[in-house]
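Descriptive analysis of the structure
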Amino acid sequence: MKINAQVVKTISLRDLRLYFSNPTGYLFITLFIFLSALAAFWQAGFFADNLANLDKLNNVFPLLLIFFVSALTMNIWSEERRQGTDELLFTLPATDLEIVLGKYLAVLGIYSASLLLSLSHVLVLFWLGSPDIGLMFANYVGYWLAGAALLAVGMFASLLSINATFSFILGALFCAVFVYLPNMDWLGGDWLRMFLQRLSLPEYFADFAGGVISLSALTYFVLVAGILIYFNVILIGRRHWPAQADGYKMWMHYLVRAIAIVIAAFSIVFIFDRMAVRIDTTAERIHSLSRETKRLISSMPDDRKVLIQAYLSPETPPDYVEQRANIIGTLEEISAMSGGNIQVLIKDVTPYSEEAREARDKFNIRAQEVITNEYGRSDRGELYLGLAFTSGANEEVIPFFDKGLPVEYEIVRSIRSVTNSDRKKIGLVSTGLKLYGDFNFQTGQQVPPWRVVGELEKQFELNMVNADEPIEQVYDALIVPLPSSMTQPQMDNVSAYITAGHPTVLLVDPLPVVDITLSPILPSNMQMSPFMQNQEQPPPKGDLMGFLMNIGLTWDPSQIIWDSYNPHPDLAATQKEVVFIGSGNRNPEAFNQNDAATAGLQEVVLMFPGFIDYSPAASLTYTPLLETGMVSGKVPYQQMVRRSLFGLSVNPDPPHNPTPREYTMAARINGKFTIKPEDPNDQTPGPEHNINMLVISDIDFISSQFFTIRERGYGNYNFDNVTFFLNCIDEMAGDGSFIELRKRRIRHRTLTAVEANTEEFVQRRLEQEQMAKNHADSALTEARQRLTEKVNAVRQRDDLDEQTKQIMAQNLQEVENRRFETVQANIESQRDATIQKAHEDMEIAIRDIQTRIKMLAVLLPPIPVFVMGVYIFIRRRKREYEGALAARRLRS
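Here is a short report on the structure shown in this document. Remember, predicted model here, so these are calculated numbers, not experimental data. Numbering of residues starts from 1 in every chain and runs along the sequence as written. It should be noted that, the model being predicted, local features are given only for residues of pLDDT at least 70 and side-chain atom pairs only at 80 or more, the latter also being counted only at that level, while totals for whole chains, interfaces and linings use all residues. To obtain the side-chain values, all non-hydrogen atoms of the structure were used and water was disregarded.

**So, the sheet that holds strand S6 (residues 342-348)**
Here four strands make up an open sheet; going across it, the order is S6-S5-S9-S10 and the pairing mixed. The open sheet has two free edges, formed respectively by S6 and strand S10 (394-398), since each of these has just one partner strand. Averaged over all pairs of adjacent strands, the angle between strand axes in this sheet comes to 15°, irrespective of strand direction. Pairing analysis gives seven bridges linking strand S5 (residues 306-312) to S6, with the strands arranged parallel. Bridging from a neighbouring strand, Val 306 pairs with Ile 342 of S6. A pair of strands is considered paired only if DSSP assigns at least 2 bridges between the two. The helix count covers DSSP runs of H or I at least four residues long, the strand count covers runs of E at least two residues long, and both are numbered beginning at the N terminus. Lines fitted to the C-alpha atoms define the axes, with helices restricted to the stretch that makes contact. Angles between their N-to-C directions range from 0 to 180 degrees.

Dropping the structure here:
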């Protein structure tokens with residue numbers, strides 16, 4: 001059918017002129033910009049997430065479209081019929097399709113103008129931070145396509161009634177069907193809900209929200225719009241229908257045609273969904289294969305074929321839909337580019353099926369119970385997301401792909417491991433910190449190994465090293481966790497290995513939170529509490545300072561580092577000794593961008609770390625890797641740890657005195673140096689030590705909780721702890737093939753402008769707290785001095801005998817002590833009140849900043865459109881008044 005473009009254009013321009021010459025149209029656009037800005041910036045979670053993106057708007061945008069589209073389309077047909085202009089419209093030399101297309105393009109133009117004006121939201125994000133332009137582009141393409149699809153739905157609703165209000169209600173109901181299809185599981189259970197979910201608008205809109213333009217999503221929106229435009233054409237063509245055709249009512253013919261078209265359309269969508277054709281618009285290209293993956297796959301030996309069997313549940317909860325799609329898409333792309341070396345079998349697995357039995361018996365892949373939250377309710381279900389890799393006799397298994405695991409990295413690493421029998425050898429020294437697990441005699445239970453052990457075993461040949469004997473085996477890298485817990489013979493053997501120049505990763509810690517008793521400050525025989533008297537005492541610790549000096553490391557185990565930087569408002573109550581390292585801490589050297597282990601990292605969390613200083617051995621090369629921010633300092637161990645009847649505990653509020661320097665918490669140390677003899681008169685040259693080590697002043701940063709956070713993908717806690725540690729091992733072992741791939745993830749783009757403003761108030765609060773504490777200490781010192789002077793004055797009197805002076809001094813001391821206690825209580829109360837006021841002032845100031853930003857972001861963008869609407873209204877009223885005045889003159 002040939003379409004007359006000029007007729008379509010004429011009808012569209014007519015409707016556009018009518019809309020933009022009416023102040024009501026500007027009111028709708030103003031309302032859309034205002035509500036979308038409200039959804040994007042006014043929600044409490046926006047500042048809590050601290051991310052420069054439109055995720056909050058994306059979450060509610062389909063709901064916003066329900067009402068805006070209905071308001072936009074309610075008059076498009078009903079007003080024509082109410083005023084009787086529809087008959088004039090249908091007498092035009094135009095087909096029904098041309099009329100519908102003209103009306104549709106007009107309303108689509110209005111919606112496009114609204115979206116164009118809402119680009120102010122992106123400008124706000126650029127004001128607050130550095131958003132991903134590619135992600136913003138995909139978001140707005142999704143907004144436009146979703147609106148374009150629902151506009152056809154709203155037009156169809158407007159055809160069903162002459163009343164604009166009723167058309168609005170019908171339009172909202174019809175649009176809500178597409179948005180809330182998964183909620184209709186009451187019609188047939190979970191299987192129907194999963195099917196309807198695949199037909200729902202949010203299912204495909206999520207691709208654009210994540211920065212992906214997929215062929216299936218494009219097809220879905222185009223087909224929804226096309227089908228509903230076809231329905232519009234059918235309804236306005238009813239005036240031409242004959243009563244019957246082929247013995248059936250005409251409406252039955254069109255009903256069958258409509259059903260057939262709907263089935264065909266969504267079959268096409270499902271086919272394209274299987275093809276997984278998509279364009280990744282994000283800056284990091286996180287949804288497409290990286291160059292590192294292509295290089296690793298192309299370097300595979302031709303004689304090592306790999307079979308990947310994916311055992312996946314066909315019906316996936318919403319929280320895992322994206323992960324399942326990423327797994328399938330990554331596997332298919334890798335298989336396609338491997339030239340036949342990698343074969344992929346994707347098997348749909350349901351409980352109690354033959355595939356489920358095969359997955360369990362062959363690879364120990366079992367269903368995992370997952371809890372998902374959807375539409376305000378929690379559901380439990382069993383889910384299969386397991387992969388098995390086989391190549392000859394080698395086998396690797398990923399039992400469950402939790403939603404936080406990086407898909408591309410895990411798959412490529414498994415392929416490399418299963419095809420490469422020559423793995424790097426890593427030694428893990430057995431120290432007082434039992435990374436391999438231990439048996440707890442108190443509870444009678446086996447303590448499981450740390451998660452980091454299993455992570456290392458996936459890539460390396462990991463060996464436990466007993467340092468009671470000299471270490472004769474040479475490893476590609478040696479890991480020494482908490483050397484302060486070793487005995488003197490163990491220290492000597494490890495020191496001999498390190499000074500021979502062998503690559504070593506040293507993990508020191510002034511306060512290991514996992515076990516405070518392992519702190520280097522505490523003697524090995526120190527009891528945690530009186531209730532532990534009968535426990536077997538560990539062997540005495542060795543000379544830590546001698547060990548450090550022998551390997552050329554300067555580290556003070558009595559100092560703990562703190563930092564005021566915290567990019568997570570929802571973790572504001574976290575102690576400052578939990579150090580967040582990121583670009584927002586205003587130290588450009590927070591991550592060493594010239595070192596492969598740290599270049600490109602975004603956020604690392606250390607818990608009660610120490611700091612590494614420059615070595616006195618000038619011949620050693622000292623390269624900092626991790627550094628604190630501009631507002632940081634150190635706390636002595638004695639002020640950080642308290643002892644009570646129940647043992648040792650961490651002081652939740654130690655004094656924080658900012659220092660004008662940054663502290664290094666991880667460093668690479670290389671070079672040679674000579675140990676000087678203890679006797680200054682001895683001119684004999686000492687032994688030359690060759691050092692090649694990487695030192696990290698924390699052990700808790702690789703505790704199991706960080707592996708759990710990484711797997712589960714909790715909130716916005718995208719910590720790079722695991723990535724940083726594995727990068728360090730790779731670097732020291734001389735295998736950097738996975739480093740770039742491991743660091744590949746969406747950049748954590750924070751609201752840097754908000755962080756900079758709030759940091760000023762945080763620093764001011766710290767200064768006020770320190771002034772209050774100093775003032776209190778000074779006042780207490782003066783009070784103690786006055787007490788001492790009064791007692792000394794009595795004791796120095798010559799007119800009294802010694803017994804009388806002693807009695808008077810004792811009485812005076814008791815009276816003055818009571819006064820001092822009262823003064824001390826008042827001073828401390830005043831100090832606490834001052835500190836509390838400083839904290840409240842900071843919170844008020846931060847809330848004021850957030851409120852000001854929200855007000856500007858929400859109220860400023862709609863103003864130009866609103867002013868234009870007021871201008872149109874005034875001009876229209878003026879013309880009406882002038883027209884009425886001219887009519888009265890003619891009558892007179």
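**Examining the packing of aromatic side chains**
Each pair of aromatic rings taken from Phe, Tyr and Trp, with Trp reduced to its six-membered ring, is defined by centres within 6.5 Å and is described as stacked if the planes are under 30 degrees apart, edge-to-face if over 60, and tilted in the remaining cases. Counted according to the given criterion, the structure contains 26 aromatic pairs. Both rings, one in Tyr 204 and one in Tyr 220, keep their centres 4.5 Å apart while their planes meet at 15°; by these two values the pair is stacked. Of this pair, Tyr 204 sits in helix H12 (residues 201-209) while Tyr 220 sits in helix H13 (residues 215-236), and the two are 16 residues apart along the sequence. The same class applies to Tyr 204 and to Tyr 220, which are both buried. We call a charge positioned over a ring when the NZ of a Lys or the CZ of an Arg lies within 6 Å of the ring centre and within 35 degrees of the ring normal. Positioned above the aromatic ring of Trp 77 is the side chain of Lys 103, whose terminal nitrogen or guanidinium carbon lies 5.5 Å from the ring centre. Against the face of Tyr 320 rests Lys 403, its NZ or CZ located 5.8 Å from the ring centre. To sort residues, take the accessible area from a 1.4 Å probe on protein chains only and compare it with the maximum for the residue type: under 20% means buried, over 50% means exposed, and anything in between is partly exposed.

**Observations concerning the sheet that holds strand S15 (residues 477-481)**
As summarised here, the arrangement of the seven strands in space is S14-S11-S15-S16-S27-S26-S22, forming an open sheet in which the pairing is mixed. Since the sheet does not close on itself, it has two edges, and those belong to strand S14 (461-465) and strand S22 (621-627), each with one partner. Ignoring which end each strand starts from, the neighbouring axes of this sheet average 20° apart. As paired strands, strand S11 (residues 425-429) and S14 are joined by five bridges and run parallel to one another. Following the sheet pairing, Ile 426 is matched in S14 by Leu 462. We call two residues in contact when some of their heavy atoms are within 4.5 Å. Most of the contacts of helix H24 (residues 721-733) go to strand S27 (residues 688-696), to which it runs at about 160°, and overall it touches S11, S15, strand S16 (504-507), S22, strand S26 (664-674) and S27.

**Some words on H12**
Residues Leu 201, Glu 203, Tyr 204, Phe 205, Phe 208 and Ala 209 constitute the buried set of H12. Count one or two residues on from H12 and you reach Gly 211, which has phi positive near 95°.

**Some thoughts on the pattern of salt bridges**
What makes a salt bridge here is a side-chain nitrogen of Lys or Arg within 4 Å of a carboxyl oxygen of Asp or Glu, nothing more. By the definition in use, this model includes 19 salt bridges. Asp 348 serves as the salt-bridge partner of Arg 324, at 3.6 Å between the closest nitrogen and oxygen. Within this pair, whereas Arg 324 is found in helix H16 (residues 318-337), its partner Asp 348 is found in strand S6, the two being separated by 24 residues in sequence. Judged by relative accessible area, Arg 324 falls into the buried class, the value being 12%. Take Asp 348: its relative accessible area is 37%, and that puts it in the partly exposed class. We note a salt bridge from Lys 743 to Glu 740, for which the minimum N-O separation is 3.5 Å. You can call Lys 743 buried: its relative accessible area is 10%. Residues joined in a network through salt bridges with shared partners are Glu 410, Arg 413, Glu 455, Lys 458 and Arg 710.

**Describing the packing of helix H4 (residues 55-73) against helix H7 (residues 96-117)**
Contact geometry for H4 and H7: axes closest at 11 Å, N-to-C directions at 135°. In terms of their interaxial angle, H4 and H7 are classed as oblique. Classified by chirality, the crossing of H7 by H4 is right-handed. On the side of H4, the interface is formed by Phe 61, Leu 65, Phe 68, Leu 72 and Thr 73, while H7 contributes Val 107, Ile 110, Tyr 111, Ser 114 and Leu 115. Angular relationships are summarised with four words: roughly parallel below 35 degrees, roughly antiparallel beyond 145, roughly perpendicular across 65 to 115, and oblique for the angles in between. Definitions for this section: a left-handed crossing has its near helix turned counterclockwise from the far helix by less than a right angle. A right-handed crossing has that turn clockwise.

**What about helix H15 (residues 291-298)?**
Residues of H15 that are buried: Glu 292, Thr 293, Leu 296 and Ile 297. Taken end-on, H15 shows its buried residues confined to a sector of 130°, consistent with a single buried face. The outward face of H15, more than 90 degrees from its buried face, is lined by the exposed residues Arg 291 and Ser 298. The arc under discussion is defined with respect to the helix axis, by the directions toward the C-beta atoms.

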